[in-house]
Amino acid sequence: METTSRAVAQTPAAEEGPHVPSVRRTVDGYLRAPFPWYGLDEAFTGRRWLMQVGTAADGAVEHGSLGHGDEPSVRNEHVSGDDQDAKEKFAVVVTVAASPDRRSADGTGLLEATSVSSAAWLAGVGLLSFTWPGQMDHALRDDWLEQQTETAWVLADDLDGEDWTVLSLPVDGVPTPFHYRESEFGWVLAGSTEQGVHLGAYGRGMSAYGLAFSVVKDITAYDA
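Reading the values: rules and limits
Residues numbered from 1 in each chain as written. Predicted model: local features only at pLDDT ≥ 70, side-chain atom pairs only at ≥ 80, totals over all residues. Heavy atoms only, no water. Helix = DSSP H or I, 4+ residues; strand = E, 2+ residues; numbered from the N terminus. Contact = heavy atoms within 4.5 Å. Areas by Shrake-Rupley, 256 points an atom, 1.4 Å probe, with all protein chains shown as cover. Buried < 20%, exposed > 50% of the residue type's maximum accessible area, 1.4 Å probe, protein only. Lys, Arg positive; Asp, Glu negative; His and termini not counted. Salt bridge = Lys/Arg side-chain N within 4 Å of Asp/Glu carboxyl O. Polar contact = N/O pair within 3.5 Å; in protein donor to acceptor, adjacent residues only side chain to side chain. Pairing = 2+ DSSP bridges. Expected span 1.5 Å × (residues − 1). Core = buried A, V, L, I, M, F, W, Y, C linked by side-chain atoms within 4.5 Å.

S.K.: What exactly am I supposed to notice about the overall build of the protein here?
M.R.: When you go through the protein residue by residue, the secondary structure sums to five helices and 11 strands. Contacts in the protein between residues far apart in sequence, at least 24 positions, make up 64% of those at least 6 positions apart. Of the accessible surface of the protein, which amounts to about 10900 Å², a share of 50% is contributed by carbon and sulfur atoms.

This is the structure in structure tokens:
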């Protein structure tokens, strides 16, 4: 996969409060990005909230996520009829700067290019971070998450495989093809834009088929 040898994918652990409610999230990192952020277009009228940005070793912002709908908690895999599941309906949009092969900040190595697979990987891992399989012992979740993360990596590296279908969704008003897949945990999609970024998205409780994406005109409109 054309990503930073998993460096791009693994940055969530060091991001600005990726999925940890107790960590204060601010708009500062988003404002430092040299690329445009994407979110759901104006047809979505629900809550919009900040998540996290991912940075390189030199502090440059490389990717980030924006949430839409109900902010999910880490919980057991949704159970039919569960009240919490009915409330947690969300879609997260991941923006990844399209970057070619380039030298690392200290000049000692080469960072691989980002790609649509990078966005698919980040979206897949993002969905997993809000999922906890039913009836699983707490002590086993780390092993499960590691296994599922590896699976998400393999799937993202094979976007033309049978696990993915093609879904056309509007991006800045232009029909755009996305790679799309569903699982028992939710859905994931990934594609590219004409603005020099790749897009990933994941969600649960909100159908991906009715979504449309556009450049975020005012990032401060998203709640911290």
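S.K.: Explain the side chain of Arg48 to me, please; I cannot follow it from the model alone.
M.R.: The residue Arg48 is located in strand E2 (residues 48-55) in this model. It is Asp41 that comes nearest to the buried, bridge-free Arg48 among opposite-charge side chains, at 5.9 Å. Here Leu40 takes part through its backbone oxygen, which lies 2.9 Å from a polar atom of the side chain of Arg48. Here Phe44 takes part through its backbone oxygen, which lies 3.1 Å from a polar atom of the side chain of Arg48. Contact partners of Arg48, with chain neighbours within four places excluded, come to Leu40, Asp41, Glu42, Gly67, His68, Ala221, Tyr222 and Asp223.

S.K.: Sorry if this is basic, but what is going on with the pairing of strand E10 (residues 197-204) here?
M.R.: Counting buried residues in E10 gives eight out of eight residues, a clear majority hidden from the surface. Relative to E10, strand E4 (residues 90-97) runs antiparallel, the two being bridged by eight bridges. Following the sheet pairing, Ala91 is matched in E10 by Gly203. Note: strand E9 (residues 186-192) against E10, six bridges, orientation antiparallel. For Leu189, the partnering residue across the bridge sits in E10 and is Ala201. The loop that links E9 with its antiparallel partner E10 comprises four residues; one of these, Gly196, has a positive phi angle of about 80°.

S.K.: Mind showing me how you'd approach helix H5 (residues 141-156) here?
M.R.: Three or four residues apart is the spacing at which side chains of an α-helix point the same way, because the helix has 3.6 residues per turn. With 16 residues, H5 extends 22 Å from end C-alpha to end C-alpha; this agrees with the ideal 22 Å at 1.5 Å per step. Taken together, the buried positions of H5 are Arg141, Trp144, Thr149, Ala152, Trp153, Leu155 and Ala156.

S.K.: In this structure, what is going on with the nonpolar core? I would like to understand it.
M.R.: Generally speaking, a soluble globular protein has its nonpolar side chains buried in company with each other. Core analysis: the largest hydrophobic core is formed by 59 residues, its most contacted members being Tyr30, Trp37, Leu189, Tyr202, Phe213 and Ile219. With nine residues, helix H4 (residues 116-129) is the largest single contributor of residues to this core. Tyr30 has contacts with Trp37, Leu50, Met51, Gln52, Val53, Ser65, Leu66 and Ile219, leaving out every residue within four places of it along the chain.

S.K.: Can you walk me through the pattern of salt bridges in this structure?
M.R.: Proximity of charged atoms lets side chains of opposite charge pair with each other. One pass over the full model with this rule turns up two salt bridges. A salt bridge links Arg47 to Glu71, with the nearest nitrogen and oxygen atoms 3.3 Å apart. Separated by 24 residues along the polypeptide, Arg47 in the loop between strand E1 (38-40) and E2 and Glu71 in the loop between strand E3 (61-69) and helix H3 (83-87) bring together distant segments of the chain. Judged by relative accessible area, Glu71 falls into the partly exposed class, the value being 27%. Arg47 is paired through a salt bridge with Asp223; the nearest N and O atoms lie 3.2 Å apart. In this pair, Arg47 is assigned in the loop between E1 and E2 and Asp223 in the segment after strand E11 (213-215), connecting sequence segments 176 residues apart. A residue is classified by how much of its surface remains accessible, and Arg47, at 34% relative accessible area, is partly exposed. Salt bridges sharing partners connect three or more residues here, namely Arg47, Glu71 and Asp223.

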